[in-house]
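The chain contents come next:
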Amino acid sequence: MSPNMPAGEYRNATPATPHPPTDTAEESTWLWTQIKAEARRDAEAEPALASYLYSTILSHSSLERSLSFHLGNKLCSSTLLSTLLYDLFLNTFSNEPELRAAASADLLAARYRDPACVSFSHCLLNYKGFLACQAHRVAHKLWTQSRRPLALALQSRISDVFAVDIHPAAKIGKGILFDHATGVVVGETAVIGNNVSILHHVTLGGTGKIGGDRHPKIGDGVLIGAGATILGNVRIGEGAKIGAGSVVLIDVPPRTTAVGNPARLVGGKEQPTKHEECPGESMDHTSFISEWSDYII
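Residues numbered from 1 in each chain as written. Predicted model: local features only at pLDDT ≥ 70, side-chain atom pairs only at ≥ 80, totals over all residues. Heavy atoms only, no water.

Undergrad: Got a sec to walk through the overall build of the protein chain? Specific residues and values, please.
TA: Within the protein chain, the regular secondary structure consists of 10 helices and 15 strands. Classification of the 297 residues of the protein chain by burial places 49% in the buried group. Considering only contacts within the protein chain whose residues lie at least 6 apart along the sequence, 46% involve residues at least 24 apart. When the accessible area of the protein chain is evaluated, it comes to approximately 13700 Å², of which 53% is carbon and sulfur surface. (Helix = DSSP H or I, 4+ residues; strand = E, 2+ residues; numbered from the N terminus. Buried < 20%, exposed > 50% of the residue type's maximum accessible area, 1.4 Å probe, protein only. Contact = heavy atoms within 4.5 Å. Areas by Shrake-Rupley, 256 points an atom, 1.4 Å probe, with all protein chains shown as cover.)

Undergrad: Outline helix H3 (residues 63-75), supporting the account with residue identities and numerical values.
TA: Side chains that are three or four residues apart share a direction in an α-helix, a result of its 3.6 residues per turn. Between the first and last C-alpha of H3 there are 18 Å, a value that for 13 residues agrees with the 18 Å anticipated at 1.5 Å per step. Listing the buried residues of H3 in full gives Leu-63, Ser-66, Leu-67, Ser-68, His-70, Leu-71, Gly-72 and Leu-75. (Expected span 1.5 Å × (residues − 1).)

Undergrad: Which residues make up the sheet that holds strand E5 (residues 191-192), and what values go with them?
TA: The parallel open sheet is built from four strands, whose spatial order is E2-E5-E8-E11. The open sheet has two free edges, formed respectively by strand E2 (171-172) and strand E11 (235-236), since each of these has just one partner strand. Sheet topology note: the E2/E5 ladder contains two bridges and is parallel. Paired with Ile-172 across the bridge in E5 is Ile-192. (Pairing = 2+ DSSP bridges.)

Undergrad: Please set out the pattern of salt bridges residue by residue, giving values where relevant.
TA: In this structure the tally under the stated criterion is eight salt bridges. A salt bridge links Arg-137 to Asp-106; the nearest nitrogen and oxygen atoms lie 2.7 Å apart. With a gap of 31 residues between them, Arg-137 in helix H7 (residues 128-144) and Asp-106 in helix H5 (residues 97-113) connect regions that are remote in the sequence. Residue Arg-137 shares its accessibility class with Asp-106, and that shared class is buried. (Salt bridge = Lys/Arg side-chain N within 4 Å of Asp/Glu carboxyl O.)

Undergrad: Give me the nonpolar core: which residues, what numbers.
TA: Within the largest apolar cluster, 74 residues are counted, with the highest numbers of intra-cluster contacts made by Phe-178, Ile-192 and Ile-224. For this core, the leading source of residues is H7, giving nine residues. In this structure, Ile-224 is in contact with Ser-197, Ile-198, Leu-199, Val-202, Leu-204, Ile-218, Ile-230 and Ile-242, ignoring residues within four places of it in sequence. (Core = buried A, V, L, I, M, F, W, Y, C linked by side-chain atoms within 4.5 Å.)

Undergrad: Please set out the sheet that holds strand E12 (residues 241-242) residue by residue, giving values where relevant.
TA: In space, the six strands of this open sheet follow the order E3-E6-E9-E12-E14-E15, with mixed pairing throughout. With partners counted over all chains shown, the strands left at the sheet margins are strand E3 (177-178) and strand E15 (264-265), one partner each. Pairing geometry for strand E9 (residues 223-224) and E12, over two bridges, is parallel. Its bridge partner lying in E12, Ile-224 is registered against Ile-242.

Undergrad: Please provide a residue-by-residue account of the packing of aromatic side chains, values included.
TA: This structure, assessed with the given rule, holds two aromatic pairs. Relative to Phe-120, the ring of Tyr-112 lies with its centre 6.4 Å away and its plane at 80°, an arrangement referred to as edge-to-face. A residue is classified by how much of its surface remains accessible, and Tyr-112, at 2% relative accessible area, is buried. For Phe-120, a relative accessible area of 0% corresponds to the buried category. (Phe/Tyr/Trp six-rings, centres within 6.5 Å; stacked < 30°, edge-to-face > 60°.)

Undergrad: Tell me what's going on with helix H8 (residues 148-162), and back it up with residues and numbers.
TA: With 15 residues, H8 extends 21 Å between its outermost C-alpha atoms, agreeing within 8% with the 21 Å of an ideal straight helix rising 1.5 Å per residue. Here the buried face of H8 lies against H3, helix H4 (82-95), H7 and strand E1 (165-166). With its phi angle positive at about 60°, Ala-163 sits one or two positions after the end of H8.

Functional significance is not addressed by these values, which are geometric in nature.
Written out as structure tokens, the structure reads:
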């Protein structure tokens, strides 16, 4: 999440982006304090939002309560009541400290990686990629507890409301950024590591109707560009980069860049060009472009 990067490097970060303490428990408390301060500031600046900000943030005593209330209202339907969902989310977040830590890490990821994210409260309330990811975490917990009908019902509502379709069996790490998120599809046996950034219309899918372990495994720190498709039980190595619109059907080595349809490694298969930075955090989509394209506008 690049906590040491100067806050001034992020546009629209007004006021300057603060940085959390390194201790996990202190980080969570610090983050909730920041979110409430931002909500108070916005309520004063825009009175039309005061009631909304009070009901979603300021009336709650913790991030998990605020998030549970907001998700319950977003995902409810005429037959799946918001009160039922609120209790479900709150009980799960309250009893699973790793889910609370993951939610905090995801908020920090959005704030520090996305220059359009003006505040933590903005992400909490308005980033459907963040909200879909947190709801998925609860659905995944239900799946592991053999409460599969409810997990699948929650998956369906997440897909309906956020246009993000993640199977509840899929495993997702922390520090995840689903940027824009529309059209993201993640299959049942997919695994996504920590500090991964995925843009809209990305598919982590299978290759046919055969069951078993059939979906991609995404390593830590990977960046997957908009519209990329990764199919089959392939491994995307730690710190790799998948270019926008690429179709990946075989393994991608760590710290390399794959682009095209079908995807090819920048620098060639034998000696692919490698990068040192973590693209999932740096969000660098265009490095090495001159090495794989002579396209001139």
